[in-house]
Amino acid sequence: MFDTFTIRGFKAEQSYYDGLMLPLLKGWNLQPQIDPIAIQQVEIFKGPTSVLYGAMSPGGMVNMVAKSPQQKKKTKLELATGTHNLKEGSIDTTGQFGDSDVSYRLLALAKEKDSQVDGAKEERYLLAPSIDWQINEKTWVNFNLYYQKDPAMGINSALPSSGMFVANSNGSTSPSTWVGSKSWSTFDRDVLMFGYKINHEINNSWSFLQNARYLDASLLQENTYHGGVPTPSGSWDFNYFDPNTGNLRLTAYRTKETSKGFTIDNQLSGLLQTGNIEHNILLGMDYQNLDGESIYTAFNKVYWNNIFAPNHNYIDRNDMGGELRNIDKVTVDQIGIYLQDQIRYDSLVLIAGGRYDNYRGNNEYNGVSNKAEHKQFSYRVGALYEFESGIAPFINYATSFEPLAGTNSATGENYDPELGKQIELGIKYQSVDGTQFLTTSLFHITKSNVLAADPSNFLQKTQIGEVVSQGIEIEGKWYATDNLDFSASYTYLDMEVTDAGADKDLKGTTPIYVPKHSANLWTNYHFFDGTLAGTRLSGGVRYVGNMERDARNTTGKVPSYALIDLSLGYDLGYANDILKGATVNLIANNLFDKEYYSCYDNDNCWYGAERSVELNVSYQF
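Residues numbered from 1 in each chain as written. Predicted model: local features only at pLDDT ≥ 70, side-chain atom pairs only at ≥ 80, totals over all residues. Heavy atoms only, no water.

Moving on to the overall build of the protein. For the protein, the helix and strand inventory stands at one helix and 36 strands. For the protein, the C-alpha radius of gyration of 26 Å lies close to 25 Å, the compact-globule estimate for 621 residues. Taken along its principal axes, the extent of the C-alpha atoms in the protein is 75 × 65 × 45 Å. Residue burial in the protein is summarised as follows: out of 621 residues, 44% are buried. In the protein, of all internal contacts separated by at least 6 residues, the share reaching a separation of at least 24 is 65%. The protein carries 51 positive and 72 negative side-chain charges, and their two centres are separated by 2 Å. (Helix = DSSP H or I, 4+ residues; strand = E, 2+ residues; numbered from the N terminus. Rg over C-alpha atoms; globule rule 2.2 N^0.38 Å. Buried < 20%, exposed > 50% of the residue type's maximum accessible area, 1.4 Å probe, protein only. Contact = heavy atoms within 4.5 Å. Lys, Arg positive; Asp, Glu negative; His and termini not counted. Charge placed at Lys NZ, Arg CZ, Asp CG, Glu CD.)

One pass over the structure, following the stated rule, counts 30 salt bridges. A salt bridge links Glu78 to Lys76; the nearest nitrogen and oxygen atoms lie 3.9 Å apart. (Salt bridge = Lys/Arg side-chain N within 4 Å of Asp/Glu carboxyl O.)

Within the element layout of this structure, Gly540 appears in strand E29 (residues 535-544). A relative accessible area of 15% means that Gly540 is categorised as buried. As a C-alpha pair, Gly540 and Ser567 span 27 residues in sequence and 9.1 Å in three-dimensional space. Once residues lying within four places of it in the same chain are set aside, the contact partners of Gly540 are Leu521, Trp522, Leu563, Ile564 and Asp565.

This part is about the pairing of strand E32 (residues 561-571). Taken together, the 10 bridges between E29 and E32 define a ladder with antiparallel strand orientation. Residue pairing in the sheet places Gly539 in a bridge with Leu566 of E32. One ladder, built from six bridges, connects E32 with strand E33 (residues 582-589); its direction is antiparallel. Bridging from a neighbouring strand, Ser567 pairs with Ile587 of E33. (Pairing = 2+ DSSP bridges.)

Okay, the state of the cysteines next. As enumerated under the stated definition, the model contains one disulfide in all. Here Cys599 connects covalently by a disulfide to Cys605, the sulfurs 2.1 Å from one another. Judged by the torsion about the S-S bond (105°), the Cys599/Cys605 disulfide is right-handed. Exposure class is identical for Cys599 and Cys605. Each is buried. (Disulfide = S-S within 2.5 Å.)

Right, let's get into the nonpolar core. Grouped together as the largest cluster of nonpolar side chains are 28 residues, with contacts concentrated most on Tyr17, Ile34, Leu126, Tyr146 and Met193. One finds Met164, Tyr314, Ile315 and Tyr597 within the second-largest nonpolar core, a separate group that totals 21 residues. (Core = buried A, V, L, I, M, F, W, Y, C linked by side-chain atoms within 4.5 Å.)

A word on the UniProt feature "short sequence motif: TonB C-terminal box" (unreviewed entry) in the protein. Per the UniProt record, "short sequence motif: TonB C-terminal box" (unreviewed entry) is found at residues 604-621. Each end of residues 604-621 is marked by a C-alpha atom, and these two atoms are 48 Å apart; helix forms 0% of the span and strand 72%. (UniProt positions renumbered as here; feature names shortened; annotations may be inferred.)

Right, here's the structure in full:
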C-alpha cells in the first residue's frame, strides 16, 4: 500500500519521484506509490538532505528516477503469472517520431492477483506517457503524465502477536489470517500526476532546469480495527483482546481522502574555473503546495471475532449503528532558496551548501486550526580526498528540520521544528580496473526538539525530547569475473531515546522498527558458453535482526529473520535466432516460505510476505 522507508533508524515518509516530492497526507493513508515499471533507478540519500530538499527526516530520503523517452526505437512486451493467481501484462515502448526532434515513451500495466490474506485482492492499472522535444541545440522540454488506478490494495489491518510468534494454547494464526468483513473491506486509490521539465544551456558553462508537477489523488478505505472504545461514563475500555479465547473486539471505520498539490524546482548550475580550482555551483529555488482533506467516519456498533476461527461476514452495511464524523483539512506551503558549491582542487573535493526555508502548515481538525510556521536555515559541509590507489576518505556534517503543528504547552507558542544533525566519516574504495567497490561509513545523528510528555499535563506535550542514532555501514560490489558478480551490505545501528521528558519509561529505550544488525547478499552468474549459454542464475539472502515490539521495550522483541531469494533467467535467442529478443525469468522471493513479522506494539503486528513465485516472459524489439 505504501512506499515508506526507515533509513538509519528514522522514518523517511517523504519519498521523491524524479526529483520532486510525492506529497503525503500526513497522519493518513494517501500518498502516490510509483510502480516499478516506471522507475529507471532508485537513489538512496543517507543522512540529512534538507539543504537541497527542505523539510526532511534526518535519516535520509529515497528518490525514484523516472524512465524517460529515448531516440532509439525499442519496445518491450511482458506477460507474467505466478502464485496467488497472478495475472500481469505490460508494455514499455520508446522512440523518435519520424525524423522530428520529438521522442516518446509509453508505459502501460494491468495487474491482478489474490492477496496472501483470505478474501482480499490486489489490482492495478497504470498509464504513463511522456515526450521529449529538442527545441534547438540548447533547449529541450519534457512533458510527462502518470495515471494509476488501484481498485484493490489488499488489507490494512493488524493482528495481536499472541498466536503469531507468541505462543497461545488455542492455536496459531497464519499469514493468510484476516479478521475483517468481506462486506466492509475497501482500499481504492487514484493518482494523477502531470509534469514538465525545461532544460536550457545558457552557454558552455551554465544551464537552467525547471522541474514541475501537479498532483490530484484520492483514496477510499473501509476497514475494521481493534482498539479502545468509549464507555457511557466517558472513560475508555481497552479490553479489546482476550488471549485466553482469541476473541478480538472490532469497530468499523471509513476514510475518504483527497489531495491536490503543486511542486516546482528551479535550478541554475554552472562551472567556474579559478586557476587550478574548479567550482560546480548550484543555485535553486523551489516551492511546494498541498491541499488535502480526510473525512474519517467511525461507527459505534461493536463486533467480536476470533483470530483462530475468523468469520468474514459479520457486518451488515445497513446496520452499523451510529456514526461519528471527523474532518481533517491539511494545507502546506513551503518555499526554499538554496546554494551549493562543490570545489575540486587536484585530488581534494570540498562541498558546502546552505538553504533557507519558509514553511507554513495548517491542520484544521473539525474546525480547530493547528498551525506550523517555520523559518529555518539548514547547511552541510564535507570533504573527500582521492588517492591514486582508489582509496578516498571523506567526512561531512549536515543538518535537517521537520515541521511540527501545534502549541508548546511550556511557552504557549507554536512548536519549533524538530532538528537533526549528523557527523559522518568513512572511506570509499574503487579499484583501478573498476571491478571492486567498497564504502564504509561511521555516523552519529542527533534529533532534537522531539515532542515529549508534559509533566504537568498528560494531555499536552512539550519539546524537550532527543533521539540519538549511531552506527556503521559497509557496502560493496565485486565483479569477480566476466560471469560472476557479488553485492553485499551490513549495517550496525545503535539507536536510543536520550530524553523523553516526563515519560521516564521511554528514556534509554530503542524505538520500534530498528534492528541492531541487518545485512544483504546478492550474486549473479551468467553463462555465455556451452550448453547453458544464455542462462542467468541469481540468488541472495536478506537478514534483519530482532526489533523491539513496543515503544517502552517491555513486551519482548520481534524475532529476527533471514530470507532466501532466487532468480533464473534465460535468453531464448540462444536457443533459436527466431526468438532473439525474448527472455524468460523465474523469480522466487522468500524461497523457503519463512514466517517473519513486524510490530507497532504487542497487539498490532503484521506477517511479512510469504513465498511468491513468478514466471514472466518478455519480448523486446
